[in-house]
Protein chains: 2
Amino acid sequence: MTELAPWRSALSRALHRNRSLVYARYAQLATVQANRPANRTVVFRGFLEDSNTLKFVTDRRSQKVGEIADNPWGALCWYFPKTREQFRISGKLMVVTTTEENSDLLHLREMAWLALSEGARSQFAWPHPGQPKSESEKVSQESIAPTTPLEEFCLLLLPPQEVDHLELKGQPHQRCSYTLEADDTWKQQTLNP
Amino acid sequence: MTELAPWRSALSRALHRNRSLVYARYAQLATVQANRPANRTVVFRGFLEDSNTLKFVTDRRSQKVGEIADNPWGALCWYFPKTREQFRISGKLMVVTTTEENSDLLHLREMAWLALSEGARSQFAWPHPGQPKSESEKVSQESIAPTTPLEEFCLLLLPPQEVDHLELKGQPHQRCSYTLEADDTWKQQTLNP
């Protein structure tokens, strides 16, 4: 079992104190595509059990899956409105698809599918995201059986290597960085905001 | 005078409908540094007059200023909680510093400084952001005269080249992309969400 990273308690506290806002679980994930940044909102789906890895889900047909295949680095920026604090979390993203060979990861993908709401599941049966909309192509309104994940469904994992925590409440602001060292320990440093 | 881009009305509507939330004016700006993404929250400071260019401010000592010098591409992700919609805006960022040679831009930098609150101005007199915190270095609590911008103060401009608007209210979601063409007109296309 991985030890909880030292930034986990601050992030748990932020999640707890902002729990009345649904969108406090939304964050922005940046990737690199052909030397340009791309950035989109993702929904935090909790941590992998016994680990510091953040879970998200995505559609295999979405642009970010191709981007991550070319360059796995991701930078999550997570702002908590109520407590006025920001976490910047970066690491190498992993996409777990239906063809995943690691059976543990494949199982985690199934668990993530089961945890989705019916509405969220049905989106994976929609036409190809990001493609021009065609009037002839119907959006399925059928409910999707929760048993087996649709092929397009992917689990997206972010194992953090660097975390930057900025607190804007009070003057001056507080800022702390956490870096994962080669020996798997976290180095913590207080920075100027 | 530049014509208002076709996405401007949708963005104005979002700003208006979310105006009760201070943080609806916060968005996440991604850049590229050494082939890795970086991502942070920025505060929208309005549009440049008679243009579609978004204004932000930044500290010359912040990491993003160096990143933008190496690679000007920026990707802003802006989520509006109340109306559940997202704008993704990308273009080449411009940093207007105290050594700017274009007098119009230099004037805009001064105007942006004047528009800041006293608290926001004082942050540009704080110790070097992102550097290890030193106990001996004091954070100035002096109020900063609004007349002349501090050297560290920069105006940050984002002239959009691509805009992607996603509306999550209702099923299915609505998505529309806008691309600036070589002849300075905007091409608009409805996409699958």
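Since we're looking at a predicted model, the values are computed, not measured.

To continue, consider the overall build of chain A. In terms of regular secondary structure, chain A is built from 4 helices and 10 strands. In sequence order, chain A lays out its α and β elements as α-β-β-β-α-β-β-β-α-α-β-β-β-β. Whereas a compact globule of 193 residues would reach a radius of gyration of roughly 16 Å, chain A reaches 18 Å, a difference of no more than 12%. Split into buried and exposed, the 193 residues of chain A put 32% on the buried side. Partitioning the intrachain contacts of chain A with sequence separation of at least 6 by distance along the chain shows that 61% fall at a separation of at least 24.

What follows covers the nonpolar core. If you look at the biggest cluster of nonpolar residues, it comprises 70 residues, and the most contacted ones within it are Leu76(A), Leu156(A), Leu76(B) and Leu156(B). Leu76(B) has contacts with Asn39(A), Ala27(B), Leu29(B), Ile89(B) and Leu158(B), leaving out every residue within four places of it along the chain.

For helix H3 (residues 103-114) of chain A, which comprises 12 residues, the first-to-last C-alpha distance of 17 Å matches the rise-based estimate of 16 Å (1.5 Å per residue) to within 8%. Buried residues in H3(A) make contact with strand S3 (54-59), strand S6 (94-96) and strand S7 (153-158) of chain A.

To continue, consider the environment of Leu156(A). All names here are of chain A. Mapped onto the secondary structure, Leu156 falls in strand S7. In this structure, the C-alpha to C-alpha distance between Leu156 and Glu181, residues 25 residues apart in sequence, is 23 Å. In this structure, Leu156 is in contact with Phe56, Val57, Thr58, Leu93 and Val95, ignoring residues within four places of it in sequence.

Turning to the sheet that holds strand S3 (residues 54-59) of chain B, a few remarks are in order. Residue and element names in this part refer to chain B. The sheet built from 3 strands is open, its strands ordered S3-S7-S6 with antiparallel pairing. In the strand order of this sheet, the two ends are held by S3 and strand S6 (94-96), each with one partner. Across the sheet, the mean angle separating the axes of adjacent strands is 30 degrees when strand polarity is ignored. Across the face of the sheet, helix H3 (residues 103-114) comes into contact with S3, S6 and strand S7 (153-158) while running at roughly 110 degrees to S7.

Now for the sheet that holds strand S1 (residues 26-33) of chain A. Residue and element names in this part refer to chain A. Taking strand neighbours across the sheet as the criterion, the 7 strands line up as S2-S1-S4-S5-S8-S9-S10 in an open arrangement whose pairing is antiparallel. Edge positions in the open sheet fall to strand S2 (36-43) and strand S10 (186-191), since each of these has one partner strand only. When strand polarity is set aside, the average angle formed by the axes of neighbouring strands in this sheet is 15 degrees. Inspection of the sheet shows strand S4 (residues 73-80) paired to strand S5 (residues 85-92) by 8 bridges, in the antiparallel sense. Within the sheet, the bridge partner assigned to Cys77 lies in S5 and is Arg88.

When pLDDT is averaged along chain A, the result is 94, and 97% of the positions lie at 70 or above. Taken over the whole predicted complex, pTM reads 0.96, whereas the ipTM for its chain interfaces reads 0.96.

This part covers the interface of chain A and chain B. Accessible area lost upon the coming together of the parts is a frequently used measure of interface size. In this assembly, 40 residues from chain A lie in contact with 40 residues from chain B. Secondary structure elements with two or more residues in the side of chain A that touches chain B: S1, S2, S4, S5 and S10 of chain A. Partitioning the side of chain A that touches chain B into residue classes produces 20 nonpolar, 16 polar and 4 charged.

This part takes up the pairing of S5(A). Residues and elements named next belong to chain A. Burial analysis of S5 places 7 of its 8 residues in the buried class, the great majority of the element. Hairpin remark: S4 followed by S5, antiparallel, with 4 residues in the connecting loop; positive phi at Arg84, about 50 degrees. Of the strand pairs in this sheet, S5 and strand S8 (residues 160-167) are connected by 7 bridges, and their pairing is antiparallel. In the sheet register, Gln86 faces S8, and the bridge partner there is Leu166.

Reading guide: rules and limits
- Residues numbered from 1 in each chain as written.
- Chains lettered and ligands numbered in written order.
- Predicted model: local features only at pLDDT ≥ 70, side-chain atom pairs only at ≥ 80, totals over all residues.
- Helix = DSSP H or I, 4+ residues; strand = E, 2+ residues; numbered from the N terminus.
- Rg over C-alpha atoms; globule rule 2.2 N^0.38 Å.
- Buried ≥ 20, exposed ≤ 12 C-beta atoms within 10 Å, placed from the backbone.
- Contact = placed C-beta atoms within 7 Å.
- Core = buried A, V, L, I, M, F, W, Y, C linked by C-beta atoms within 7 Å.
- Expected span 1.5 Å × (residues − 1).
- Pairing = 2+ DSSP bridges.
- Axes fitted to C-alpha atoms, helices over the stretch in contact; angles between N-to-C directions.
- pLDDT = per-residue confidence, 0-100.
- Nonpolar A, V, L, I, M, F, W, Y, C, P; charged D, E, K, R; others polar.

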